[in-house]
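The lines below spell out each chain.
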Amino acid sequence: MRSTKGPALANRLQAIPPFHVMEVVRIAEELELQGVDVIHLEVGEPDFPTSASVIDRACEALRAGKTRYTDARGIKPLRDALSNWYVSKGLDIPSDRIQITVGASGGLLLAFAATTNPGSRVLMADPAYPCNPRFVEAVGADVHWIKTDVTTQFQPTLAQLREKATDIDRTLILAHPANPTGQAVPQVELEQMSKWCQHTNRHLIVDEIYQNLSFNDALTSSLAISDWHFVVGSFSKYFNMTGWRLGWLVIPEYAVEATQRLAQHLFICAPSFAQEAALACFEHDSLRDAETHRLELKERRDLLIPRLEAMGFKIAAEPDGAFYVFVDISDIAKDSQQFCAELICKTGVAITPGIDFSESLPPTWIRIAYTQPADRLLEALERMARFIYD
Ligand SMILES: Cc1ncc(COP(=O)(O)O)c(C=O)c1O
């Protein structure tokens, strides 16, 4: 007989807020079962397929028996390939500082576990990627939220850190560019916050999962400023490999050996055949595909933003990269959750309420992921316009 009774679960489970977008996802599923054409702009993953050469390499790897544990740091050829990729961008990151991880998620968990003691706090921008607080809680630490707004691209500033940080704030996490805004940390602030971390003996983690999906040629990796911090990378978004669960962590020299030891204990290794397959990411065809997709995302951004503005949506600033736009709908609706639920029910357009990313912002923000081709985006805009104005 199945029973739902058991010992009390860990307190941290009680603090996990629901994903409000799941209500949108639920309605979308129901509508699709009824044959409604749903336009998905809610999911945080690219709509492009994984490059054919990566898939071929995975099949070869599986047939060749590459199904066992690998070196805990990741296979050497993949770490070398990443190191060479950084070299091609003018950055000198030796492969022995690169740890292959189970997605950026594995990299974030590893970085927090390596840097932050139970009882310490992590300085984090609000709004943020909603999984980040969970990684922090998993290592027994707390989040110290730094409220941000449109005036600073929803990124924290040195002035705020100086004013708010206390001795128990041991780590700062930045996302460059960020989810849900697609906005990067301005170069000067990045330099200043990096120096502040060094001078005050705090760890810095920069999530650069969207850095290669940047539309601004001047936007560089934080590693061009300093290599004294942790940088989280991923094959998920730029290489369209969300389901392969593969990422990497660039570890600062002072933490390499200890962090790699911890990675071995936490994960043993990242999926072996996915690591073999990812070698093909750095070949001509895959890099060409990835670049084509990046440029397509830029075109979609440029198509979407003026049209959203013309419809009365307020866009804080043009996103620097990724595939999200964070939009203030206060001139149109006062409750984004209700707006998203009604929009999906009446039009079949699925978007994400902003409260999934922030508890402090007014509930009038939404995130639109432009993870659909241009014709579908235009169709979504048309349906939204009819919903708002008819
Ligand atoms: C900012 C940010 N960091 C990390 C992740 C996790 O990515 P991965 O699929 O590589 O684990 C995501 C996924 O959406 C994200 O938006």
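Residues numbered from 1 in each chain as written. Predicted model: local features only at pLDDT ≥ 70, side-chain atom pairs only at ≥ 80, totals over all residues. Heavy atoms only, no water.

Visitor: I'd like a description of the side chain of aspartate 207, backed by residues and values.
Guide: Turning to its location among the elements, aspartate 207 is positioned in strand E6 (residues 203–207). No salt bridge forms around the buried aspartate 207; measuring N to O, its nearest opposite-charge neighbour lysine 237 is 8.9 Å away. Once residues lying within four places of it in the same chain are set aside, the contact partners of aspartate 207 are Leu108, Leu174, Ala175, His176, Pro177 and Val232. (Helix = DSSP H or I, 4+ residues; strand = E, 2+ residues; numbered from the N terminus. Buried < 20%, exposed > 50% of the residue type's maximum accessible area, 1.4 Å probe, protein only. Lys, Arg positive; Asp, Glu negative; His and termini not counted. Salt bridge = Lys/Arg side-chain N within 4 Å of Asp/Glu carboxyl O. Contact = heavy atoms within 4.5 Å.)

Visitor: So what's going on with the sheet that holds strand E10 (residues 324–328)? Which residues, and what values?
Guide: Taking strand neighbours across the sheet as the criterion, the four strands line up as E9-E10-E13-E12 in an open arrangement whose pairing is antiparallel. Lying at the two open borders of the sheet, with one neighbouring strand each, are strand E9 (314–315) and strand E12 (352–353). Bridging between E12 and strand E13 (residues 365–369) involves two bridges; their strand directions are antiparallel. Paired with proline 353 across the two strands is isoleucine 366, which belongs to E13. Packing against the sheet, helix H11 (residues 284–310) makes contact with E9, E10 and E13, and its axis sits at approximately 10° to E10. (Pairing = 2+ DSSP bridges. Axes fitted to C-alpha atoms, helices over the stretch in contact; angles between N-to-C directions.)

Visitor: Which residues make up the site of the ligand, and what are the values?
Guide: In the region of the ligand, 13 residues are neighbours, and Ser105, Asp207, Tyr210, Ser234 and Lys237 sit closest. One of the side-chain nitrogen or oxygen atoms of aspartate 207 is found 2.6 Å away from a nitrogen atom of the ligand. Within the side chain of arginine 245, one N or O atom sits 2.7 Å away from an oxygen atom of the ligand. With four residues, helix H5 (residues 103–115) is the single largest residue contributor to the shell around the ligand. (Near = heavy atom within 4 Å. Polar contact = N/O pair within 3.5 Å; in protein donor to acceptor, adjacent residues only side chain to side chain.)

Visitor: Can you break down the domain arrangement of the protein residue by residue, with the values?
Guide: Interface size, as often reported, equals the accessible area lost upon joining of the parts. Its domain assignment divides the protein into domain 1 (16–44 + 286–389) and domain 2 (52–282). Both faces combined, the contact of domain 1 with domain 2 buries some 2,700 Å², and carbon together with sulfur accounts for 61% of it. The interface formed by domain 1 and domain 2 holds zero salt bridges in total. Our count for the contact surface shared by domain 1 and domain 2 stands at 17 residue pairs in polar contact (both at pLDDT 80 or more). Mapped by element, the contributors of at least two residues to the side of domain 1 that touches domain 2 are H11, E10 and E13. Here the side of domain 1 that touches domain 2 gets nine residues from one element, more than from any other, and that element is H11. Looking at side-chain class alone, the side of domain 1 that touches domain 2 contains 18 nonpolar, six polar and nine charged residues. (Domains from an automatic or database assignment. Buried area = accessible area lost by both parts, 1.4 Å probe. Nonpolar A, V, L, I, M, F, W, Y, C, P; charged D, E, K, R; others polar.)

Visitor: Could you give an account of the packing of aromatic side chains, naming the residues involved and the relevant values?
Guide: For the coordinates displayed, the defined rule picks out 20 aromatic pairs. Seen in terms of ring centroids, phenylalanine 326 and phenylalanine 357 are 6.4 Å apart; in terms of plane orientation they differ by 85°. Their pairing is edge-to-face. Taken as a pair, phenylalanine 326 in strand E10 and phenylalanine 357 in the loop between E12 and E13 lie far apart in primary sequence, 31 residues in all. The same class applies to phenylalanine 326 as to phenylalanine 357, namely buried. Ring pairs connect the aromatic residues Trp85, Phe235, Tyr238, Phe239, Trp248 and Phe282, which therefore count as one cluster. Its guanidinium or amino end placed over the ring of tryptophan 85, lysine 89 lies 4.3 Å from that ring's centre, counting from NZ or CZ. (Phe/Tyr/Trp six-rings, centres within 6.5 Å; stacked < 30°, edge-to-face > 60°. Lys NZ or Arg CZ within 6 Å of the ring centre and 35° of its normal.)

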